[in-house]
Amino acid sequence: MAESFASHPRPYQVATDSETILKEAPLTLNEEQALALYSLLNPSQFHTLLLEGVTGSGKTEVYLQAIEAILKEGKQALILVPEIGLTPQTLSRFKARFQVPVMALHSGLTDRQRLDAWLMARDGSARILIGTRSAIFTPMKNPGIIIVDEEHDPSFKQQEGFRYHARDLAVLRAKKEDIPLLLTTATPSLESLHNALDGRYQHLHLRQRAGNASTPKFKFLDIRGEALQAGMAPELIHHIRQHLSAQTQVLIFLNRRGFSPSLICHDCGAVNECTRCDARMTLHRSPAHMHCHHCDRQTPIPKRCHHCHSEDLRPSGAGTERTEEQLKSLFPTIPVLRIDRDSTSRKHALENMMKQIHTGEPCIMIGTQMLAKGHHFPKVTLVAVLDADAGLFSADFRGMEKTAQLILQVAGRAGRAELSGEVLLQTHHPDHPMLAALVTQGYEAFAKSELVLRQGAGLPPFHHHALIRAEASRQGWAEAFLRSIRDAIETHLSLPQGNHWSGPFPSPMEKRAGLFRSQMLIQGRERRHLHALLRMIMHEVEHNPMKNKVRWSIDVDPIDSY
Ligand SMILES: Nc1ncnc2c1ncn2[C@@H]1O[C@H](COP(=O)(O)OP(=O)(O)OP(=O)(O)O)[C@@H](O)[C@H]1O
Ligand SMILES: [Zn+2]
């Protein structure tokens, strides 16, 4: 049997009245929510609505009610979410609200379970389908609506093998099925925002938090010259103490797992590096080992420097383990819960931590972006971002966008219920225009100014990108392969108009997992011309004598350049 969350496993019947569909009554929508619901359902044909609502504004409530209306017509709803395992609350809300069969589709299903789920979706007996990105391919007998929740989330892009973006496919699918598509987020991707501003998507806002919750207050903590303890300034520690003594919970965000991002020789400065990647090994303490986060290579912690044999090796910088250790010694009577990929890898580990958080007792959470997802922790009143600068000076042009989204999403965990929330951002750049715009004017103002910059620089979403990547076991091969393809096209063929290409050049991390990597970037003003060039490239690859010596891929609309 597929993983089914039906309340009563009874034979399926078309439920058309609210009594048989609903298990609990819906909330009374506020004006903005009601307008969003009305616009989504009218017309019932294909149109895309971008619902931009601040965190905690009741976006989920809007689409629960839209699903109710769809179910009453005997139709099915498909909801894409970034992660199911991380936020079991989402599923519980569906189970609490609806009586009809709800089906969860995620990577944890066996082939058999997936097949069963697909069959039930195809014959119409599964009425609500919730899944991660691959759920967009689920066949449906009678589709009524598609919803992409947290549409900005990078996990909707499949980065390996058959590359696709589930949000883009959702647009295609909704168009083909001629049904409404809802994209919801507090921090729209610049792609969706651009489509909305250009009038291709309808754009509605929820500007207020729902119920009695208020917007959290932001404050910068200038950490220049401050003595940090495992990444925390004295003023931050003071704030943590205050919140805990008011019997509330504190959430600390640091997007770096492990104890310390590098181990440095204090005598000669040599750093412990991965032999297979152009990257440093991360020091972990529990269990103690060195770990490459790029290729997964693991080694014991060295006792001596490989360069000068000194024994004075020191961790440099803080990861979540180190901050956890410091918090435990600062607050010995308060539970400190570390939430990252390492601490949650054991079965039920995350579940148990979530249970503890939901008791509402004072505690400190320290964790990575896992904490920035759609959690609803009513007792959290303080959110601290330890390194708001991470990503500000990234080589990737999406660095700013990703940083802004992460900061606002994690900040959105503060003050979601009656208690008001405070957000502290530790930074070395309190005057940085992006951080300032984000905090004083909000995401939309930030995003609009970012769009102006992108347009000026000819970057997506204004121009389209395709990245041709290649990797090989010998240095130079991948680059030679890409070079010969470019040469062949430039020598014999005329380039489709409006395309511009650069490279091949070494990838930002040239060596990874023992392979040498190179890439070529194509920028095109019009998709059809870009695709014409990609077809030429595919043809050249097929006839290239080096094609069996390299692994290559074409990534249309890449979301990172690694
Ligand atoms: N109209 C309403 N009246 C009262 N409470 C509401 C209303 N709409 C939503 N809520 C409550 O407000 C809280 C936040 O709502 P919801 O989870 O739908 O917001 P969201 O915008 O999806 O949040 P996020 O994007 O931050 O995850 C929930 O506890 C929900 O029950
Ligand atoms: Zn490595």
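Residues numbered from 1 in each chain as written. Chains lettered and ligands numbered in written order. Predicted model: local features only at pLDDT ≥ 70, side-chain atom pairs only at ≥ 80, totals over all residues. Heavy atoms only, no water.

The name an unreviewed UniProt entry gives the protein is Replication restart protein PriA, with Nitrincola nitratireducens as the organism. Its UniProt record gives the protein the following Sequence similarities (unreviewed entry) comment, quoted word for word: "Belongs to the helicase family. PriA subfamily." Looking at the Subunit (unreviewed entry) heading of the UniProt record, one finds this comment for the protein: "Component of the replication restart primosome." (UniProt positions renumbered as here; feature names shortened; annotations may be inferred.)

Buried within helix H4 (residues 88-97) are the following residues: Leu91, Phe94 and Arg97. All buried residues of H4 fall inside an arc of 135 degrees around its axis, so they share one side. (Buried < 20%, exposed > 50% of the residue type's maximum accessible area, 1.4 Å probe, protein only. Helix = DSSP H or I, 4+ residues; strand = E, 2+ residues; numbered from the N terminus. Arc of directions from axis to C-beta.)

The coordination sphere of the zinc ion (ligand 2), as far as protein atoms go, consists of Cys274 (SG), Cys277 (SG), Cys292 (SG) and Cys295 (SG), spread over 2.3 to 2.4 Å. Around the zinc ion (ligand 2), the 4 donor atoms are arranged such that angles at the metal cover 105 to 114 degrees; this shape is classified as tetrahedral. Written as a sequence motif, the donor residues of the zinc ion (ligand 2) are C-x2-C-x14-C-x2-C. Of this pair, Cys274 sits in the loop between strand S12 (262-265) and strand S13 (282-285) while Cys292 is found in the loop between strand S14 (288-291) and strand S15 (298-299), placing the two residues 18 residues apart along the sequence. Cys292 shares its class with Cys274; the two are buried. (Donors = N, O, S within 2.8 Å, 3.2 Å for Na, K, Ca; no water. Tetrahedral: all angles 85-135°; square planar, octahedral: opposite > 155°, others 65-115°.)

Along its sequence, the protein is organised into domain 1 (18-206), domain 2 (217-258 + 318-448), domain 3 (260-315) and domain 4 (464-556). Using only C-alpha atoms to locate each centre, domain 1 and domain 2 end up separated by 28 Å. With 22 residues of domain 1 in contact, the opposing surface of domain 2 contributes 20 residues. Buried surface at the junction of domain 1 and domain 2, both sides included, amounts to about 1,700 Å², of which 56% is carbon and sulfur. Connecting domain 1 to domain 2 are 3 salt bridges. (Domains from an automatic or database assignment. Contact = heavy atoms within 4.5 Å. Buried area = accessible area lost by both parts, 1.4 Å probe. Salt bridge = Lys/Arg side-chain N within 4 Å of Asp/Glu carboxyl O.)

For the rest of this paragraph, the subject is empty space enclosed by the protein. To locate leftover empty space, one rolls a probe as large as a water molecule over the atoms. Evaluated as defined, the whole model comprises 2 cavities of 30 Å³ or more. Approximately 50 Å³ is the volume attributed to the largest cavity. Every residue along the wall of the largest cavity is listed here: Leu263, Ile264, Cys265, Ala270, Val271, Asn272, Pro302, Arg304, Cys305, His306 and Leu313. Ranked by residues supplied to the lining of the largest cavity, first place goes to S12 with 3 residues. Taken together, the residues that form the lining of the largest cavity break down as 8 nonpolar, 2 polar and 1 charged. (1 Å grid on protein atoms, 1.4 Å probe; cavity = no way out; pocket = protein on both sides within 12 Å on 5 of 7 lines; lining within 4 Å. Points joined across faces, edges and corners; volume = space filled by probe spheres on them. Nonpolar A, V, L, I, M, F, W, Y, C, P; charged D, E, K, R; others polar.)

The volume enclosed by the second largest pocket comes to roughly 510 Å³. Along the wall of the second largest pocket there are 23 residues; nearest its centre are Val54, Thr215, Leu408, Gly442 and Tyr443. Elements represented by at least two residues in the lining of the second largest pocket include exactly strand S1 (48-53), strand S9 (202-206), helix H11 (399-411), helix H12 (433-441) and helix H13 (443-456). The element contributing the most residues to the lining of the second largest pocket is H12, with 4 residues. Class assignment of the residues belonging to the lining of the second largest pocket gives a composition of 10 nonpolar, 9 polar and 4 charged. Mapping the lining of the second largest pocket onto the domain boundaries places at least three of its residues in each of domain 1 (18-206) and domain 2 (217-258 + 318-448).

Throughout the structure, instances matching the rule amount to 36 salt bridges. Taking the shortest distance from any N to any O, the salt bridge between Arg483 and Asp487 comes out at 3.7 Å. Of this pair, Arg483 and Asp487 are both found in helix H14 (residues 477-492), 4 residues apart, which corresponds to roughly one turn of the helix. When salt bridges that share partners are traced, they join Lys157, Arg163, Arg469, Asp555 and Asp560 into one network.

This brings us to the site of ligand 1. Near ligand 1 lie 20 residues; those nearest to it are Gln33, Lys59, Thr60, Arg93 and Arg416. Residue Gln33 places a side-chain N or O atom 2.8 Å away from a nitrogen atom belonging to ligand 1. With respect to ligand 1, the backbone of Gly56 contributes an N or O atom lying 2.8 Å from an oxygen atom. Considered on its own, ligand 1 offers 630 Å² of accessible surface; in the complex 81% of this is hidden by protein. Among the residues making up the shell around ligand 1, the classes are represented as 4 nonpolar, 10 polar and 6 charged. Of the domains in this structure, domain 1 (18-206) and domain 2 (217-258 + 318-448) are the two that each give at least three residues to the shell around ligand 1. (Near = heavy atom within 4 Å. Polar contact = N/O pair within 3.5 Å; in protein donor to acceptor, adjacent residues only side chain to side chain. Areas by Shrake-Rupley, 256 points an atom, 1.4 Å probe, with all protein chains shown as cover.)

Time to look at the sheet that holds S13. One key point about sheets: their strands pair by backbone hydrogen bonds, in either a parallel or an antiparallel sense. Strand order across the open sheet formed by 3 strands is S13-S14-S15, with antiparallel pairing between neighbours. Unpaired on one side and paired on the other, S13 and S15 mark the two borders of the sheet. The pairing of S13 with S14 spans 4 bridges and is antiparallel. Paired with Thr282 across the bridge in S14 is His291. (Pairing = 2+ DSSP bridges.)

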